[in-house]
Amino acid sequence: MTLLSKSGLKQILGKVRDSYHGDTEFTEFLDFLSVLRVSVVKIKFVWLAGLSFILTACQTLSPAPTSTPTPTPDVTVCAEGCDFTTLQAALDAEHTNDSNIIAVRDAVHTEANIYIHKNVTIQGSGADATIVQANAQPETATDRVFHAPAGVTVTLRALTIRHGNPMDLPESGGGILNEGTLTVEGCIITDNSGSAGGGIHNDGTLTILNSTINHNVARGGGDSYYECQTGGGIKNLAGTVTLRNSTVSDNTAGGKGGGIHVACKGILVLENSIIRHNTTNNDGGGVFLNGVGHFTQSTLSDNTAKTGGGIYIEGSGEHNLIRGQLNYTNTLIAANTARMEKYGVADCMLGDHATLGANRNNWVGDGTCSPAQTGDPAKAPADTGADEGWKQP
């Protein structure tokens, strides 16, 4: 096998052309090479009857994708043989510095109320390989799993975070309470319970990448004004929550927002994400939006509420304030359920003082919220709704 230069390849292609029966067959061969984007080619010819050959290998312009290596940790945590046995001890240690990476080596690490007061990354070996839990059983812990206070910048990566259940004020944020700048990457937030924000309560800046928030519960309790059973998966009290390539599913709230609740000072950005199979006894099965939403290439389906099964949008009517506004593009909202038989809206409910901003190429099953297209979601074009090839469990 020989690595050919462009000039060498040109000579061989000339001989190959002579071996084909006419220009049509040769043109088809060139089209084949064009699809492969060949620039430098390794070819081994096996002549059959003096006319045929087999292309056995080629090097294309785009190399084969490789997995991103896990960054080398600065600090390790596990039951035996690591730098520390608890994450809190690792965080409190004087020599643990900002920008350090703390790796959890245990397959299952049980620790509650981890107060992340430094700008660090806490990472596991994968959401299917590393679990950080507040208790061995759900709904038996008395605190959440992680708390990121104001002023810190934190990344949680490649973890399953579960079984948080805070019982002291604030009781919201069963899995995570974020008041700083938090990135959740490649994680599963599951089986947590809180007065609001069963999975995550945000009062800062939260970015969720390639992650799943599922089977969390906003149970009520706590401060009745701020923590009123809202946001089964996520409650965004204030600040910006961005979900990219992520899923919020199978969460439950007694109050508004079975999947996500966005308060009046909150912003929700959905990019290629899925809100599905969430349930509330109140309004907004998938999303309750009292702030501002920017949805792109996302799907809200199979959620259930009293009304606004997919999304309920409600403004405040305050002068010069934009609240209760949905901006959406290439988004699919369909197959949701409203429990109110006579007046309920299944997919997209515009409540008091609610407005639509950008509205481009959307598909809403029942035709609410002025979509470009409506009807059976199975007939929606491929560029509408989330691409689910990336989907986490």
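Structure: above.
Residues numbered from 1 in each chain as written. Predicted model: local features only at pLDDT ≥ 70, side-chain atom pairs only at ≥ 80, totals over all residues. Heavy atoms only, no water.

*Asks:* Hey, could you go over the pattern of salt bridges for me, with residue numbers and the actual values?
*Replies:* The full count for this structure, using the stated rule, is five salt bridges. With a closest N to O distance of 3.6 Å, R157 and E185 form a salt bridge. In this pair, R157 is assigned in strand β12 (residues 153-157) and E185 in strand β15 (residues 181-185), connecting sequence segments 28 residues apart. Of the charged contacts in the structure, one is a salt bridge between R219 and E171, with a shortest N-O distance of 3.1 Å. In this pair, R219 is assigned in the loop between β21 (217-218) and β22 (234-244) and E171 in the loop between β13 (160-162) and β14 (176-178), connecting sequence segments 48 residues apart. According to the relative accessible area criterion, R219 is partly exposed, its value standing at 28%. Residue E171 is classed as buried on the basis of its relative accessible area, which comes to 11%. (Salt bridge = Lys/Arg side-chain N within 4 Å of Asp/Glu carboxyl O. Helix = DSSP H or I, 4+ residues; strand = E, 2+ residues; numbered from the N terminus. Buried < 20%, exposed > 50% of the residue type's maximum accessible area, 1.4 Å probe, protein only.)

*Asks:* Explain the environment of V345 to me, and be specific about the residues and the numbers.
*Replies:* Along the chain, V345 falls in the loop between β35 (337-338) and β36 (348-350). Along the backbone, V345 and T368 are 23 residues apart, and their C-alpha atoms lie at a distance of 8.1 Å. For V345, the contacting residues outside a window of four places in its chain are T307, G308, G309, A338, D366 and T368. (Contact = heavy atoms within 4.5 Å.)

*Asks:* Describe in detail the environment of N251, supporting the description with residues and values.
*Replies:* Relative to the helices and strands, N251 resides in the loop between β23 (247-249) and β24 (252-253). Since its relative accessible area comes to 0%, N251 is described here as buried. Setting aside residues up to four positions removed in sequence, N251 forms contacts with I213, N214, H215, N216, G232, G233, G258, H277, N278 and T279. A polar contact is formed between the side chain of N251 and the backbone oxygen of S249, at a distance of 3.0 Å. (Polar contact = N/O pair within 3.5 Å; in protein donor to acceptor, adjacent residues only side chain to side chain.)

*Asks:* I'd like to hear about the packing of aromatic side chains, residue by residue, with values.
*Replies:* Applying the stated criterion to the full structure yields one aromatic pair. Seen in terms of ring centroids, F288 and Y312 are 5.5 Å apart; in terms of plane orientation they differ by 15 degrees. Their pairing is stacked. A residue pair is termed long-range when its members are at least 10 positions apart, and F288 in strand β28 (residues 287-289) and Y312 in strand β32 (residues 311-313) qualify at 24 residues. The class for Y312 is buried, based on a relative accessible area of 9%. (Phe/Tyr/Trp six-rings, centres within 6.5 Å; stacked < 30°, edge-to-face > 60°.)

*Asks:* Help me get a handle on the sheet that holds strand β26 (residues 274-276), residues and values and all.
*Replies:* One open sheet holds the 11 strands; their spatial order is β7-β10-β13-β16-β20-β23-β26-β30-β34-β38-β39, and the pairing between them is parallel. Each edge of the open sheet is held by one strand with a lone partner, namely β7 (108-110) and β39 (373-374). One ladder, built from three bridges, connects β26 with strand β30 (residues 299-301); its direction is parallel. Residue pairing for β30: I275 is matched across the bridge by L300. (Pairing = 2+ DSSP bridges.)

*Asks:* Summarise the nonpolar core; cite the residues concerned and give the values.
*Replies:* Ranked by internal contacts, the top residues of the largest apolar core, which has 55 residues, are I122, F146, L156 and I311. The greatest single-element share of this core, amounting to four residues, is contributed by strand β25 (residues 260-271). Excluding residues within four positions of it along the chain, I122 makes contact with L87, I102, V104, I116, F146, T155, L156, R157 and L159. (Core = buried A, V, L, I, M, F, W, Y, C linked by side-chain atoms within 4.5 Å.)

*Asks:* Any details on unusual backbone geometry? Residues and values, ideally.
*Replies:* Peptide bonds are, in most cases, trans, and in most cases residues other than glycine have a negative phi. Here the residue pair L169 and P170 is connected by a cis peptide bond, since its omega of -10 degrees sits within 30 degrees of zero. Structurally, P170 is set in the loop between β13 and β14. Phi at S99 is positive, roughly 80 degrees, even though this residue is not glycine. Secondary-structure assignment places S99 in the loop between α3 (87-92) and β6 (101-104). Phi at Q297 takes a positive value of approximately 50 degrees, unusual for a residue other than glycine. With respect to the element layout, Q297 can be found in the loop between β29 (292-296) and β30. On the accessibility criterion, Q297 (22% relative accessible area) is partly exposed.

*Asks:* Give me the lowdown on the state of the cysteines, citing residues and values where you can.
*Replies:* Summed over all chains, the structure comprises two disulfides. In this model C78 forms its disulfide with C82; the gap between the sulfur atoms is 2.0 Å. Linking C78 and C82, the disulfide has an S-S dihedral of approximately 105 degrees and is accordingly described as right-handed. The exposure class assigned to C78 is buried, which follows from its relative accessible area of 7%. Residue C82 is classed as partly exposed on the basis of its relative accessible area of 23%. The residue that forms a disulfide with C348 is C369, at a sulfur-sulfur distance of 2.0 Å. Taking the sign of the S-S torsion, -80 degrees for the link of C348 and C369, the bridge is left-handed. Residue C348 is found in strand β36, and its partner C369 is found in the loop between β38 (363-364) and β39; the two are separated by 21 residues along the sequence. The class of C348 is buried, set by a relative accessible area of 2%. (Disulfide = S-S within 2.5 Å.)

*Asks:* Before we move on, could you go through the environment of S298 and cite the residues and values that matter?
*Replies:* In this fold, S298 is placed in the loop between β29 and β30. Sequence separation between S298 and I274 is 24 residues, and the spatial gap between their C-alpha atoms is 5.9 Å. Excluding residues that lie within four positions of it along the chain, S298 makes contacts with L270, E271, N272, S273, N330, T331, L332, G385 and A386. There is a polar contact of 3.0 Å between the side chain of S298 and the backbone oxygen of T296.

*Asks:* Outline the pairing of β22, supporting the account with residue identities and numerical values.
*Replies:* The pairing of strand β18 (residues 200-202) with β22 spans three bridges and is classified as parallel. Each residue of the ladder has a partner; that of I200, found in β22, is I234. Two strands pair when backbone bridges link them, and strand β19 (residues 205-209) and β22 are joined in this way by five bridges, in the parallel orientation. Across the sheet, I208 pairs through a bridge with L243, a residue of β22. Relative to β25, β22 runs parallel, the two sharing 10 bridges. Looking at β25, one finds that V241 is bridged to L268.

These values are about where atoms sit, not about what they do.
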